[in-house]
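Chain residues, written in single-letter form:
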Amino acid sequence: MLILKTLTRAPLHGYGIALSIKRFSHDLLTVEEGSLYPALQRLLLQGWVKAEWKKTETKRRARYYTLTRTGRKQLGLELSRFEQMVAAIGRVLQDA
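These figures come from a predicted structure and were not determined experimentally. Throughout, residues of each chain are indexed from 1 in the direction in which the sequence is written. At least 70 in pLDDT is required for a residue's local features to be given in this predicted model, at least 80 for side-chain atom pairs to be given and counted, and no such filter applies to totals for whole chains, interfaces and linings, which use all residues. In computing side-chain properties, one takes all heavy atoms of the structure into account and sets aside hydrogens as well as water.

J.: Please give an account of helix H3 (residues 33-46) that cites residues and values.
T.: End to end, H3 covers 20 Å across 14 residues, agreeing with the expected 20 Å (1.5 Å per residue, within 8%). For H3, every residue scored as buried is listed here: Leu36, Ala39, Leu40, Leu43 and Leu44. For H3, the arc enclosing every buried residue in end-on projection is 140 degrees, short of the 170-degree limit, so these residues lie on one face. Projecting away from the buried face of H3 at angles above 90 degrees are the exposed residues Gly34, Arg42 and Leu45. Going along the chain from the N terminus, every DSSP run of H or I of four or more residues is numbered as a helix, and every run of E of two or more is numbered as a strand. Following H3 by one or two positions, Gly47 has its phi on the positive side, about 80 degrees. Multiply 1.5 Å by the residue count of a helix minus one, and that product is the helix's expected span. For the exposure calls, accessible area comes from a 1.4 Å probe over protein chains only, and a residue counts as buried if that area is under 20% of its type's maximum, exposed if over 50%, partly exposed in between. Working note: the arc is built from the helix axis to C-beta atom directions.

J.: Could you give an account of the pattern of salt bridges, naming the residues involved and the relevant values?
T.: Salt bridges are defined as contacts in which a side-chain nitrogen from Lys or Arg sits within 4 Å of a carboxyl oxygen from Asp or Glu. Applying the stated criterion across every chain, the model contains two salt bridges. Between Glu52 and Lys54 there is a salt bridge whose closest N-O contact spans 4.0 Å. Here Arg81 and Glu78 are joined by a salt bridge, their closest N and O atoms 3.4 Å apart. Residue Arg81 and its partner Glu78 are both found in helix H4 (residues 69-93); the two are separated by three residues, about one turn of the helix. Given a relative accessible area of 48%, Arg81 falls into the partly exposed group.

J.: Got a sec to walk through the pairing of strand S3 (residues 61-67)? Specific residues and values, please.
T.: Pairing between strands is defined by DSSP: at least two bridges between the two strands are required. Summarising the sheet, strand S1 (residues 12-13) and S3 pair through two bridges and their orientation is antiparallel. Bridge pairing in S3 places His13 opposite Tyr64. The pairing of strand S2 (residues 49-55) with S3 spans seven bridges and is antiparallel. Among the inter-strand pairings, Trp53 is bridged to a residue of S3, identified as Arg63. If you look at the hairpin formed by S2 and S3, you'll find five residues sitting between the two strands, and Lys59 has a positive phi there, around 70 degrees.

What follows is the structure, encoded as C-alpha cells:
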C-alpha cells in the first residue's frame, strides 16, 4: 500500500521510493532493499505498476516504476481495508 501510494506522486526508482516513504513518515518508516525489491517485483507481476529503464539525476541507469490504472484501483481497495482495520483496532482498544 505504501509503495502504491508513493507512486501516485511521481514515477520513482526503488531507492527514490524508499527515500520518499522515509521522508513522508518523518523517518518513522524505513523500507529495506530486501523487502522493497521483491515487493516491486510482485507489484509488476500483478500489473499494478510498470517499469522502464531511465537515467537518474546522477546519470546512473535505474528502473523507474509507475502506477498503472489497475494499481490505482488496488490502492483504493488497500486503503479501504486499512481504514477498516484501524477502526477495528480502535474498537478493541476502547475502554469497556
